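Summary of structural features
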Amino acid sequence: MIAGLCLVALLMYPVVNPWEPYPQAVLLLGFLLAIQASSWNIISGYGGYTSLGHSMFLGLGSYTAGILALRWGVNPLWVAPLGGVTALVIAVLIGSVVLRTRGHAFVIITIAMLLAAQIIATNFQSLTQGSDGITLELPFWGRDFQNIPFYYIFLSLLVLTVLFSAWLRRTKFGAGLVAIREDEGKAASIGVNTTRFKIVAYAASAFMIGTAGGVYAYYLTFINPIGSFAILGSVLIVLATLTGGRGTLYGPVIGAFIVNLVSEAATVYGGGSQSRVLIFGLALMLVVLFLPKGILPTVEAWCRRRHPAEVEYTDQAGALNRGPVTTRERPLPEVVAAGVADEGARRPGSGDDPPLLDVRGVSKRFGGLTAVDGADLTVRQGTITALIGPNGSGKTTLFNLITGGMAADSGEIWFDGRRIDGMRPWKRGHLGLGRTYQVTRLFKEMTVQQNVVAPLPDSRWRTMLSDAVHGHEADRARELLDIVGLGRMADQPAGSLSFGQQKLVELAQVLMLQPKLILLDEPAGGVNPSLLGRLTEVIRELNAAGVTFLIVEHNIPLVLELCDPVVVFSHGAPIAEGPPERIQADPVVLDAYLGDDWRPAATDPPAHHSPGTATGEVVR
Ligand SMILES: Nc1ncnc2c1ncn2[C@@H]1O[C@H](COP(=O)(O)OP(=O)(O)OP(=O)(O)O)[C@@H](O)[C@H]1O
């Protein structure tokens, strides 16, 4: 609404004041900065990868349009979109090399690229005319209203950029970018191809800037390496976005207008453009110190404090009224599907079921410590297999090796007939391997619904660009939240939920992957009895619908009641495997893990321990 009114006012301004080129120029430079800030926001705001050399794409666009206009004798405006194409291609090339890794290398390399572009433009004289620069023809329209066509072109490009950014943020691609920003390792485990996402985001953030650069060259009618590839341009982009609100839709636009006005004031009243560097340095410090989240998020937070939304007390009541389990289209493993069809209920896994997961002689060392030591483990289709063992015996490390969070030093891992130990984590997710974490790793700044909609069960572009706010993906996320009983909390920030509720949301999130096998790392840890009862119910129903489970758990009564078979780990390798009643009486297991409390009395009948309840109480 406010954005619409502002747009109408901006559209009307040149009509009302056609003979005032100076304010038009100030505004159109504001549009240009807003285009850059909004674009930068895609990779650095949504994706969290800070580029400090983004003004390079403006220079690339300017040079592309300038060179082509000279060589082909055409108006630079007609070739301005090719400036966008050049920026996009260069971004893909740089991104393909730099964005394969995580971390700070990207920041440094973006600055290096900006400076490299300046050096190339200076020295590649045959193409760029070196430091002499390129002079372009004057606009073909009358000088009296020279700025007006540029005003409307930049305004149109800004509207397109904001619409593009808004659309992107609504897709699963946008959700994936925010997931990368919050926890890249977790994002990869839910099927987000982090490398592809980052490269696409970087390229998407370059295209509009490059196109605007082509138009800007025509506006200036002169381009040279120093002006086109100036570091100050990049500083302005960063400052504008941080001021307005990084990661928000309109923050970069608001910030751009503010920074542009300050910049103009500094030039006019502050003793020339040199003073701008000082003023911007100071402004950056003040923003970081006093508005770390930017203007828009600060105002929103203030409004929320004044008009707090109705938030239900986060007890487990909702989870006690959950919906029935429904599974999605991914074909079930044949044997399980047959079992479900024949029996209409869970067919407990047996020794005859084919293996779904096969870990063969896998090892992992951390310096001198061998956390996993040549471990073999088979999880058969249709089972709920438990993996138990003392603290530090290597269970979580084995989970990390299976899902790709860590690389094994040796051994092989096979899943559903394919060797997966060399695969990236998201590829394993696409094959149907999902996991939850011992300490939940939800994306805390997203809502519960956004957390559940974010996973990608395949690598198709169609899935990646599908709507995450409305439509079948959002509906499915809601359905999954109902299954775990938390549908009414869909719009709450994930960070505001209790630990037990977060565990349930993480399970719903994994279900979005349409998994064949779910690895649950201590699902009962920190969960209250009634919520735990629901959790086991959901696990049973999912298992009956064809999902296989591998569960690490210290709640032995729960394990004995829910799981079959049980594998016992000690010192990084299995020491026993079998049905629960055999495991709980196994002297090796009693010695290594369960202890004397579980040792059957000499007079007792052959061991069968009362499994207790699924409430976290160890029945002794
Ligand atoms: N990233 C790491 N760097 C160094 N050592 C690690 C790392 N991850 C795990 N370890 C060590 O490997 C061993 C196995 O840890 P792991 O977390 O796999 O055990 P666990 O069986 O899951 O324990 P728990 O039941 O307490 O969760 C421990 O000694 C742990 O300190």
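Residues numbered from 1 in each chain as written. Predicted model: local features only at pLDDT ≥ 70, side-chain atom pairs only at ≥ 80, totals over all residues. Heavy atoms only, no water.

1. Let's talk about a nonpolar patch on the surface
Taken together, the side chains of W72, L82, V85, L88, V89 and L93 define a hydrophobic patch exposed on the protein surface, amounting to about 530 Å² of accessible area. By residue number, the principal contributor to the nonpolar patch is helix α4 (residues 76–98), which donates 5 residues. Following the sequence through the fold, L88 ends up in helix α4. A residue is classified by how much of its surface remains accessible, and L88, at 32% relative accessible area, is partly exposed. (Patch = residues over 30% accessible without salt bridge, like charges linked within 9 Å, V, L, I, M, F, W, Y side chains within 5 Å. Areas by Shrake-Rupley, 256 points an atom, 1.4 Å probe, with all protein chains shown as cover. Salt bridge = Lys/Arg side-chain N within 4 Å of Asp/Glu carboxyl O. Helix = DSSP H or I, 4+ residues; strand = E, 2+ residues; numbered from the N terminus. Buried < 20%, exposed > 50% of the residue type's maximum accessible area, 1.4 Å probe, protein only.)

2. Notes on the site of the ligand
N391, K395, T396, T397 and H554 are the nearest of the 15 residues found near the ligand. Between the ligand and the protein, one listed contact pairs an oxygen atom with a side-chain N or O atom of T397 at 2.5 Å. Look at the ligand: alone it shows 630 Å² of surface, and the protein chains cover 63% of it. When residues of the shell around the ligand are traced back to their parent elements, those giving at least two are β4 (369–380) and α17 (395–403). With 3 residues, α17 is the largest single contributor of residues to the shell around the ligand. (Near = heavy atom within 4 Å. Polar contact = N/O pair within 3.5 Å; in protein donor to acceptor, adjacent residues only side chain to side chain.)

3. Points about the sheet that holds strand β3 (residues 355–366)
Read from one edge to the other, the open sheet built from 4 strands follows the order β4-β3-β6-β7, with strand pairing classed as antiparallel. Among the strands making up the open sheet, the edge pair consists of β4 and β7 (418–419). Relative to β7, strand β6 (residues 410–415) runs antiparallel, the two being bridged by 2 bridges. Bridged to F415 within β7 is R418. (Pairing = 2+ DSSP bridges.)

4. Points about the side chain of S189
Along the chain, S189 turns up in helix α9 (residues 184–189). In terms of polar contacts, S189 uses its side chain to reach the side chain of Y437, at 3.2 Å.

5. Some words on the UniProt feature "transmembrane region" (unreviewed entry) in the chain
The UniProt record annotates "transmembrane region" (unreviewed entry) at residues 28–49, 56–74, 80–99, 106–128, 148–168, 225–242, 249–271 and 277–296. Across residues 28–49 one finds 86% helix and 0% strand; the C-alpha atoms that close the span lie 28 Å apart. Between the C-alpha atoms that bound residues 56–74 there is a distance of 24 Å. The span itself is 89% helix and 0% strand. (UniProt positions renumbered as here; feature names shortened; annotations may be inferred.)

6. Regarding the sheet that holds strand β10 (residues 548–552)
Pairing within the open sheet is mixed, and its 6 strands lie in the order β8-β9-β10-β5-β11-β12. Only two strands of the sheet have a single neighbouring strand rather than two, namely β8 (433–435) and β12 (573–578). Each neighbouring strand pair of the sheet contributes to a mean axis angle of 20 degrees, computed without reference to strand direction. Of the pairings in the sheet, the one linking β8 to strand β9 (residues 517–521) comprises 3 bridges and is parallel in character. Its bridge partner being in β9, L433 is matched across the sheet by L517. Of the strands in this sheet, β5 (384–388), β9 and β10 touch helix α23 (residues 529–544), which is tilted by about 145 degrees from β10. Sheet contacts for helix α26 (residues 587–594): β5, β11 (566–570) and β12; angle to β12, the most-contacted strand, approximately 130 degrees. (Axes fitted to C-alpha atoms, helices over the stretch in contact; angles between N-to-C directions. Contact = heavy atoms within 4.5 Å.)

7. Thoughts on the pairing of β9
In terms of burial, β9 is largely enclosed, as 5 of its 5 residues are buried. Covered by surrounding structure in β9 are L517, L519 and D521 together with I518 and L520, the residues of both alternating faces. Taken together, the 5 bridges between β9 and β10 define a ladder with parallel strand orientation. Across the sheet, residue L520 finds its bridge partner in β10, namely I551.

8. Focus on the packing of aromatic side chains
Applying the stated criterion across every chain, the model contains 12 aromatic pairs. With 5.8 Å between their ring centres and 80 degrees between their planes, F31 and F257 make a pair best called edge-to-face. Here F257 lies in helix α13 (residues 251–269) and F31 lies in helix α2 (residues 21–46), a separation of 226 residues in the sequence. For the residue pair F31 and F257, the accessibility class agrees, reading buried in each case. Here the aromatic residues F31, Y151, Y152 and F257 are joined through ring pairs into a cluster of three or more. We note R169 situated over the ring of Y46; from NZ or CZ to the ring centre the distance is 5.9 Å. (Phe/Tyr/Trp six-rings, centres within 6.5 Å; stacked < 30°, edge-to-face > 60°. Lys NZ or Arg CZ within 6 Å of the ring centre and 35° of its normal.)

9. Let's talk about the packing of helix α7 (residues 147–170) against helix α10 (residues 194–220)
At a minimum axis distance of 11 Å, the contact between α7 and α10 shows a crossing angle of 180 degrees. Here α10 runs roughly antiparallel to α7, going by the angle between their axes. Contact with α7, carried on its side by N147, F150, I153, F154, L157, L160, T161, F164 and L168, involves A204, M208, T211, A212, V215, Y216, Y218 and Y219 of α10 and no other residues of that element. When its residues are assigned to classes, the contact of α7 with α10 shows 14 nonpolar, 3 polar and no charged. (Parallel < 35°, antiparallel > 145°, perpendicular 65-115°, else oblique. Nonpolar A, V, L, I, M, F, W, Y, C, P; charged D, E, K, R; others polar.)

10. Focus: the nonpolar core
Counting 87 residues, the largest nonpolar core has F31, F57 and F154 as its most contacted members. Every residue in contact with F57, bar those within four places of it in the chain, is listed here: A87, A91, Y202, A206, I209 and G210. Of all hydrophobic cores here, the second largest spans 52 residues; its members include V510, L511, V566 and L590. (Core = buried A, V, L, I, M, F, W, Y, C linked by side-chain atoms within 4.5 Å.)

11. Focus: the pairing of β3
Bridge count for β3 against β4 is 8 bridges, and the pairing is antiparallel. Pairing of V359 across the sheet is with L377, part of β4. Where β3 folds back onto β4 in an antiparallel hairpin, the turn is made up of 2 residues, including G367, whose phi is positive at roughly 60 degrees. Looking at chain direction, β3 and β6 are connected through 5 bridges and run antiparallel. Bridged to R360 within β6 is E412.

12. Some thoughts on the environment of F366
Here F366 lies in strand β3. Measuring from C-alpha to C-alpha, the distance between F366 and D409 comes to 10.0 Å, with 43 residues separating the pair along the chain. If we skip the residues at most four places from it in the chain, F366 touches A371, T397 and M406.

13. Quick word on the pattern of salt bridges
Tallied over the full model, the rule gives 17 salt bridges. A salt bridge links E473 to K172; the shortest N-O distance between them is 2.7 Å. With E473 in helix α21 (residues 472–483) and K172 in helix α8 (residues 172–182), this residue pair connects regions lying 301 residues apart in the sequence. For E473, a relative accessible area of 5% corresponds to the buried category. Owing to a relative accessible area of 0%, K172 belongs among the buried residues under this scheme. The salt bridge involving R181 is made with E182; its shortest N-O contact spans 4.0 Å. Among the charged side chains, a network of salt bridges with common partners joins D358, R360, E412, R419 and D421.

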